[in-house]
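Descriptive analysis of the structure
Single-letter residue listing:
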Amino acid sequence: MPSLRTFLAGDLGGTKTLLALYSWDEKQLKQQHRRRYLSNQWTSLEPMLSDFIAHLPGEMEQPNNGCIAVAGPVRHGEARITNLPWSLKEKDLCAATGLKHLELINDFGVLIYGLPFLNDSQQVELQLSQQHLSGKGPIAVLGAGTGLGMARGLPTKDGMVALPSEGGHREFAPRSECEWQLCEWLKADLQLERLSLERVVSGTGLGHVARWRLQHSDADGHPLRDLADAWRHGADDHSDHLDLPALASQAASEGDSILQEALQLWLAAYGSAAGDLALQELCIGGLWVGGGTAAKQLQGLRSSTFLEAFRNKGRFRPFLEQLPVMAVIDPEVGLFSAACRAHMLAEQGGTLT
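Throughout what follows, the structure given in this document is the object of discussion. Model, not experiment: these values are computed from the prediction. (Residues numbered from 1 in each chain as written. Predicted model: local features only at pLDDT ≥ 70, side-chain atom pairs only at ≥ 80, totals over all residues. Heavy atoms only, no water.)

This next bit is on the sheet that holds strand 6 (residues 78-80). With antiparallel pairing, the three strands of this open sheet are ordered in space as 5-6-7. Each of the sheet's edge strands pairs with one partner strand only, and the pair in question is strand 5 (74-75) and strand 7 (87-89). (Pairing = 2+ DSSP bridges. Helix = DSSP H or I, 4+ residues; strand = E, 2+ residues; numbered from the N terminus.)

What follows is the structure, encoded as structure tokens:
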């Protein structure tokens, strides 16, 4: 029989999908069973979910509620998956799996439901909070990956409510002569009329910043210069030898002065964007830095370069200095957050908000 004490959670991406069963022990969620699927080996999510539920260990109760985080926009219970030819509907997924309630949610927005429940193994503090500002209040998260994700959450009597955002597409605002030169160069190079924030503040953006720095005359003969040009024209090639952001970051860590400059510029732009989001949302409940680069750039996120740019907001500097700021280091935080949302739905009787 389906159970109100177990929850289905999923994190669906273009390459892989993680599905898991969680249980609630009155104190915390515990993962009971997990499987990893290659997304492109399935025709849609329905047969994958059916396979997962059909092969649960015999002693496990079948879930009644679930939440699936998906890489794509979700509207009115329907989703189209980025990088997969899939169209999903919540009602069809429930019919295929026997679940009573299942919610599809964007894979970045879902983090809002998990962030307040992360433990010390899932996050690290970047800035200690001050006693009078910490606690309940709006929260926000941004994360540099392929693009720049943003989301915010508001506490209500029924729990946190996630509010989607496309803030990563707002205008990039240069703060220095170097950033102005980068902005103008990128607009010309990418043939753009305007430059969005995520063109700079993202994992891809780090590659663009490195390319800009490597085209200066003092970088003639640099070992990554030709690779940077190849990366510019091979955006669909994700092989290690063309991973310019990773190679640039590695070179900077090994003392390459040119790429250290590029990384410092990128970190400062990231910190400034984080400070802008914190002011916009007045997120006294906390600001989290997530995305695929958070764990990889943890030292940089802890640096004065990032934190000073975060705090440098004129008259609101004292406010930002007192906010709790954390970095998410759990690579499966999306799955955990989907489980938190599924548990929340069960407590609400499956009511979708």
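With that settled, the discussion passes to the side chain of Ser-303. Within the secondary structure, Ser-303 sits in the loop between helix 9 (298-301) and helix 10 (304-311). A relative accessible area of 19% places Ser-303 in the buried class. A polar atom in the side chain of Ser-303 sits 2.5 Å from the backbone oxygen of Gly-300. (Buried < 20%, exposed > 50% of the residue type's maximum accessible area, 1.4 Å probe, protein only. Polar contact = N/O pair within 3.5 Å; in protein donor to acceptor, adjacent residues only side chain to side chain.)

Throughout the structure, instances matching the rule amount to three aromatic pairs. Considering the side-chain rings of Trp-266 and Tyr-270, the 5.3 Å spacing of their centres and the 65 degrees angle between planes classify their relative orientation as edge-to-face. Of this pair, Trp-266 and Tyr-270 both sit in helix 8 (residues 257-281), four residues apart, which is roughly one turn of the helix. Overall, the relative accessible area of 0% leaves Tyr-270 in the buried class. Above the ring of Tyr-113, the side-chain terminus of Arg-341 is found at 4.5 Å from the ring centroid. (Phe/Tyr/Trp six-rings, centres within 6.5 Å; stacked < 30°, edge-to-face > 60°. Lys NZ or Arg CZ within 6 Å of the ring centre and 35° of its normal.)

Right, let's get into the pairing of strand 4 (residues 62-70). Most of strand 4 sits out of view: eight of its nine residues are buried. Relative to strand 8 (residues 101-106), strand 4 is paired through six bridges, and the arrangement is parallel. Paired with Ile-68 across the two strands is Leu-104, which belongs to strand 8.

This part is about the pattern of salt bridges. A complete count under the given rule lists 19 salt bridges for this structure. In the salt-bridge network here, residues are joined through shared partners; they are Arg-170, Asp-276 and Lys-313. (Salt bridge = Lys/Arg side-chain N within 4 Å of Asp/Glu carboxyl O.)

Strand order in this open sheet of six strands is 9-14-13-10-11-12, and the pairing throughout is mixed. Because the sheet does not close on itself, it has two edges, and the strands there are strand 9 (123-127) and strand 12 (159-164). Averaged over all pairs of adjacent strands, the angle between their axes in this sheet comes to 25 degrees, without regard to strand direction. (Axes fitted to C-alpha atoms, helices over the stretch in contact; angles between N-to-C directions.)

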